[in-house]
Amino acid sequence: MAGRSPHRTRARLEIILLTARRPEGELGTELLRARESFVGQAQLLATALGSPYPEEGGRIVVAFAEGLTYDGVTRPGPDTTDRAALRQMLERVLLTLAR
């Protein structure tokens, strides 16, 4: 998931970790707002797929994607940077949520 710019992705993760320790301030507020936007979009997707728990499902999808990003930065490999493989993994998670 680090893709072609692993250094940029590492920098983003460093900023996210820093703001998690000190969430007050403009940057922390903006990052929280952006994350909640992603969660909201994932919840809509979970709802559209018929998930009985779309709120939880949306958070799971975002946490899963964040985990793949972390994994791709700390342990790069074709299974974490390949877009087709990533899409397949996310589809599996989403289909599981619809059950």
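Scroll up to find the structure.
Keep in mind the model is a prediction, meaning the values are calculated, not measured. (Residues numbered from 1 in each chain as written. Predicted model: local features only at pLDDT ≥ 70, side-chain atom pairs only at ≥ 80, totals over all residues. Heavy atoms only, no water.)

**Here's the deal with the side chain of Thr19**
- Within the secondary structure layout, Thr19 lies in helix α1 (residues 6-21).
- Setting aside chain neighbours within four positions, we find Thr19 in contact with Leu27, Gly28 and Leu31. (Helix = DSSP H or I, 4+ residues; strand = E, 2+ residues; numbered from the N terminus. Contact = heavy atoms within 4.5 Å.)

**Let's talk about the packing of α1 against helix α2 (residues 26-48)**
- In contact at an axis separation of 9 Å, α1 and α2 are set at 110° when each is read in the N-to-C sense. In terms of orientation, α1 and α2 fall into the roughly perpendicular class. With respect to the hand of their crossing, α1 and α2 are arranged in left-handed fashion. For the pair α1 and α2, the contacting residues are Ile15, Ile16 and Thr19 in the first and Leu27, Gly28 and Leu31 in the second.
- Taken together, the residues of the contact of α1 with α2 break down into four nonpolar, two polar and no charged. (Axes fitted to C-alpha atoms, helices over the stretch in contact; angles between N-to-C directions. Parallel < 35°, antiparallel > 145°, perpendicular 65-115°, else oblique. Left-handed = near helix turned anticlockwise from the far one by under 90°. Nonpolar A, V, L, I, M, F, W, Y, C, P; charged D, E, K, R; others polar.)

**A few points about the packing of α2 against helix α3 (residues 54-74)**
- Running from amino to carboxyl end, α2 crosses α3 at an angle of 120°, the nearest separation of the two axes being 7 Å. Our classification of the angle between α2 and α3 gives oblique. Here the hand of the crossing between α2 and α3 comes out right-handed. Facing α2, whose interface residues are Arg35, Glu36, Phe38, Val39, Ala42, Gln43, Ala46 and Thr47, α3 presents Pro54, Glu55, Gly58, Arg59, Val61, Val62, Ala63 and Glu66.
- Across the contact of α2 with α3, the residue classes tally to eight nonpolar, three polar and five charged.

**Section: α3**
- With 21 residues, α3 ought to run about 30 Å at 1.5 Å a step, and its terminal C-alpha atoms sit 30 Å apart, in line with that.
- Listed as buried for α3 are Pro54, Gly57, Gly58, Val61, Val62, Leu68, Thr69, Asp71, Gly72 and Val73. (Expected span 1.5 Å × (residues − 1). Buried < 20%, exposed > 50% of the residue type's maximum accessible area, 1.4 Å probe, protein only.)

**Some remarks on the environment of Gly50**
- Relative to the elements of secondary structure, Gly50 occurs in the loop between α2 and α3.
- In this structure Gly50 comes out as partly exposed when scored by relative accessible area, which is 45%.
- When the C-alpha atoms of Gly50 and Leu97 are compared, they prove to be 8.2 Å apart, with 47 residues separating the residues in sequence.

**Concerning the pattern of salt bridges**
- Inspection of every chain in the model, using the stated rule, returns three salt bridges.
- Between Arg35 and Glu66 there is a salt bridge; the shortest N-O distance is 2.8 Å. One end of the pair, Arg35, is in helix α2; the other, Glu66, is in helix α3, and 31 residues separate them in sequence.
- Here Glu36 and Arg59 are joined by a salt bridge, their closest N and O atoms 3.1 Å apart. With Glu36 in helix α2 and Arg59 in helix α3, this residue pair connects regions lying 23 residues apart in the sequence.
- By relative accessible area, Glu36 is classed as partly exposed at 33%. (Salt bridge = Lys/Arg side-chain N within 4 Å of Asp/Glu carboxyl O.)

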